[in-house]
Amino acid sequence: MAERTPHQNTDAPNRQAQPATRAPERGAALSGNQGTESVPRTWCSEGNAGRHHRPKAERTGTSSPPLVQPRLDRIAEQAQQYPDMAFTTLAHHLDVAMLERAFWSLNPRSAAGADRVTWRNYQRDLETNLEVLHEKLVSGTYAPQPVVRKWIPKQNGKLRPLGLPALEDKIAAKAVSLLLEQIYEQDFCDFSYGFRPGRSCHQALRDLRQGLLNNGIYYLIDCDISSFFDNLQHDELLAILRKRIKDGRLLELIELWLKAGIMDGKELVFPEKGSPQGSVISPLLANVYLHEVLDQWFAEVVTAHCRGKAVMYRYADDFIIGFASEHDAQRIMKVLPLRFAKYGLQINTEKTKLVRFVRPPWGYDPTKHGPKPDTFTFLGFTHFWGKTKKGGHTIKRKTEGKRLRRTLSAFWQWCRDNRHRPLEQQHGALRAKLRGYYQYYGVRCNSDCLELVHYTVERAWHYWLNRRGGRKLTWKHYGRLTKRYPLPRPQIVQTWV
């Protein structure tokens, strides 16, 4: 059986905001305000972002730039205090300190883009490089480079496009993402989990299970959006952003990244829609888009017109909508494609289905009570009603069949392709892969799948070590080898999920 380890969560405290007083009057008098109320102390006409007037005490003398985190906290406080107002000046925060914060938050091992500049090479002369990038942003001479497109295989045999932006484009986009994140984190709904700080897949899985058990949800819409990142409408996205962001320079940068060319092999194309998967700002833009298309619509319209209880759980473009009434589920099932079509998106009819997810009664008998309840998949897990030790039923989860088969095939292929490497290197890589698998799929009631993966890895390792040539590796010798190089046993890591 799988072992269990404890899990702990920590929460960070929030700061209290200090409202401003005189700035709204000045902002309302500006002609470039376009009639939109602006957040206090952020007034400025659109297009003049970053040229706001500072207090006299700040203009005198030379001083170092303010710390990054207090500025981000202040933006978050203002966004929380004034949820209906727009930010008109944010570009002045894109200084060297903010760019440095963005640089250190990037993945040092990510692949290089069109400029072929790696994170390590850029770090060697970091201060000068960031100053040059900042000067480009201030002078308006900055222009993003084309995104290199790579194709990676999907589990259905198709290919998924992955974009590799240039490093400086990543730094600038990450800095803008840090600013926008402070604003939209105050607006996003609690049932949104994907690509948000302090939230994870396991939190979404836990809340989904508890919500279905405690709210009397019997019918689910398991929905899938067709090629979501490839079909983001640029005009719609920019219009959504303008509701909260009136900084012309920031909107111009986002539009430049959206319309930057894509280098597919030797062909350079300029997309009219979509956002590259792999861009550091794409996840945030996707959340902003779906917040307008789906989240607000569900919270304000769907729940108000449903006869019974309705809940939703969304991770990026993967979401589940639950209803207590079958009538409500069927109504929303018909309206959902029309809602997404309004914003240029399309529901995948092959993967979208209505699931009857009713708890089986005590002493369930298929001949008396009918067929078993349906199952559904979410974030790589198949959810189903399983028996408890006392004879009742509860929601259990196991690794999705397609993902499990893909994992077993990947381990077998890796052992085959790397059987020539030294045993120490093979052992270290397999340990890391197994631990990573247990870290995600190690949830309660999934012990059988974990045991199957561990068993398959041991069999595959022995099979391909036995075909390296020379003396045959018997099971007795293999047992001695695994005592010296043991593979980690299955482990229930996420006990709280």
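Everything that follows concerns the structure shown earlier in this document.
Residues numbered from 1 in each chain as written. Predicted model: local features only at pLDDT ≥ 70, side-chain atom pairs only at ≥ 80, totals over all residues. Heavy atoms only, no water.

Some words on the side chain of Arg397
Then step 1. Secondary-structure assignment places Arg397 in strand β12 (residues 393-399).
Then step 2. Nearest to the buried, unbridged Arg397 among oppositely charged side chains is Asp207, at 9.3 Å.
Then step 3. Polar side-chain contacts of Arg397 include one of 2.9 Å to the backbone oxygen of Val497. (Helix = DSSP H or I, 4+ residues; strand = E, 2+ residues; numbered from the N terminus. Buried < 20%, exposed > 50% of the residue type's maximum accessible area, 1.4 Å probe, protein only. Lys, Arg positive; Asp, Glu negative; His and termini not counted. Salt bridge = Lys/Arg side-chain N within 4 Å of Asp/Glu carboxyl O. Polar contact = N/O pair within 3.5 Å; in protein donor to acceptor, adjacent residues only side chain to side chain.)

Re the packing of helix α11 (residues 282-305) against helix α12 (residues 326-341)
Then step 1. Between α11 and α12, the least distance of the axes is 12 Å, while the angle of their chain directions is 150°. When the axes of α11 and α12 are compared, the pair comes out roughly antiparallel. Seen from above, α11 lies across α12 with right-handed handedness. Facing Leu290, Glu292, Val293, Leu294, Trp297, Val302 and His305 of α11, the residues of α12 in contact are Arg331, Ile332, Val335, Leu336, Arg339 and Phe340.
Then step 2. In terms of residue class, the contact of α11 with α12 is made up of 9 nonpolar, 1 polar and 3 charged. (Axes fitted to C-alpha atoms, helices over the stretch in contact; angles between N-to-C directions. Parallel < 35°, antiparallel > 145°, perpendicular 65-115°, else oblique. Left-handed = near helix turned anticlockwise from the far one by under 90°. Contact = heavy atoms within 4.5 Å. Nonpolar A, V, L, I, M, F, W, Y, C, P; charged D, E, K, R; others polar.)

Some details on the sheet that holds strand β10 (residues 376-378)
Then step 1. Strand order in the open sheet formed by 3 strands is β10-β11-β12, with antiparallel pairing between adjacent strands. A single partner strand is all that each edge strand has here, and the edge strands are β10 and β12. Across the sheet, the mean angle from the axis of one strand to that of its neighbour is 40°, orientation sign disregarded.
Then step 2. Pairing of β10 with strand β11 (residues 381-387) involves 3 bridges; the strand directions are antiparallel. Across the sheet, the residue bridging to Phe378 is Phe381, located in β11.
Then step 3. Strands β10, β11 and β12 of the sheet are contacted by helix α8 (residues 201-214), whose axis makes an angle of about 155° with β12. (Pairing = 2+ DSSP bridges.)

Here's the deal with the environment of Ile75
Then step 1. Considering the arrangement of structural elements, one finds Ile75 in helix α3 (residues 68-81).
Then step 2. Considering only alpha carbons, one finds Ile75 and Phe87, 12 residues apart in sequence, at a separation of 9.1 Å.
Then step 3. For Ile75, the residues in contact, after removing those within four places along its chain, are Phe87, Leu90, His93, Leu179, Gln182 and Ile183.

Points about the packing of helix α9 (residues 234-241) against α11
Then step 1. For the pair α9 and α11, the least separation of the axes is 10 Å and the interaxial angle reads 80°. One element, α9, and the other, α11, form an angle in the roughly perpendicular class. Within the contact between the two elements, α9 uses Glu236, Leu237, Ile240 and Leu241 and α11 uses Leu285, Val288, Tyr289 and Glu292.
Then step 2. Each residue belonging to the contact of α9 with α11 can be placed in one class, and the counts come to 6 nonpolar, no polar and 2 charged.

Here we look at the sheet that holds strand β2 (residues 147-153)
Sheet strands pair by backbone hydrogen bonding; their relative direction is either parallel or antiparallel.
Then step 1. Taking strand neighbours across the sheet as the criterion, the 4 strands line up as β3-β2-β5-β6 in an open arrangement whose pairing is mixed. The open sheet is flanked by β3 (159-164) and β6 (267-269), the only strands paired with a single partner. Recorded for the sheet is a direction-independent mean angle of 35° between the axes of neighbouring strands.
Then step 2. Taken together, the 2 bridges between β2 and strand β5 (residues 262-264) define a ladder with parallel strand orientation. Its bridge partner lying in β5, Val147 is registered against Ile262.

Focus on the nonpolar core
Then step 1. Counting residues in hydrophobic clusters, the biggest one holds 77 residues, and the most contacted among them are Ile171, Ile254 and Phe340.
Then step 2. Excluding its chain neighbours within four sequence positions, the residues that come into contact with Phe340 are Ile225, Leu290, Val293, Leu294, Phe319, Leu345 and Ile347.
Then step 3. In terms of nonpolar packing, the next biggest core, distinct from the first, is built from 50 residues, Ile217, Ile320, Leu473 and Ile492 among them. (Core = buried A, V, L, I, M, F, W, Y, C linked by side-chain atoms within 4.5 Å.)

Observations concerning the pairing of β12
Then step 1. For β12, the buried fraction is high: 5 of the 7 residues fall into the buried class.
Then step 2. One ladder, built from 7 bridges, connects β11 with β12; its direction is antiparallel. Its bridge partner being in β12, Phe381 is matched across the sheet by Thr399.
Then step 3. Where β11 folds back onto β12 in an antiparallel hairpin, the turn is made up of 5 residues, including Gly391, whose phi is positive at roughly 100°.

Looking at the pattern of salt bridges
Then step 1. Throughout the structure, instances matching the rule amount to 14 salt bridges.
Then step 2. The partner of Asp264 in a salt bridge is Arg149, and the shortest N-O contact between them spans 3.9 Å. You can see Asp264 sitting in strand β5 and its partner Arg149 sitting in strand β2, a full 115 residues away along the chain.
Then step 3. A relative accessible area of 24% means that Arg149 is categorised as partly exposed.
Then step 4. When the shortest N-O distance is used, the salt bridge between Asp295 and Arg314 registers 2.8 Å. Residue Asp295 is found in helix α11, and its partner Arg314 is found in strand β7 (residues 310-315); the two are separated by 19 residues along the sequence. Just as Asp295 is buried, Arg314 falls in that class too.

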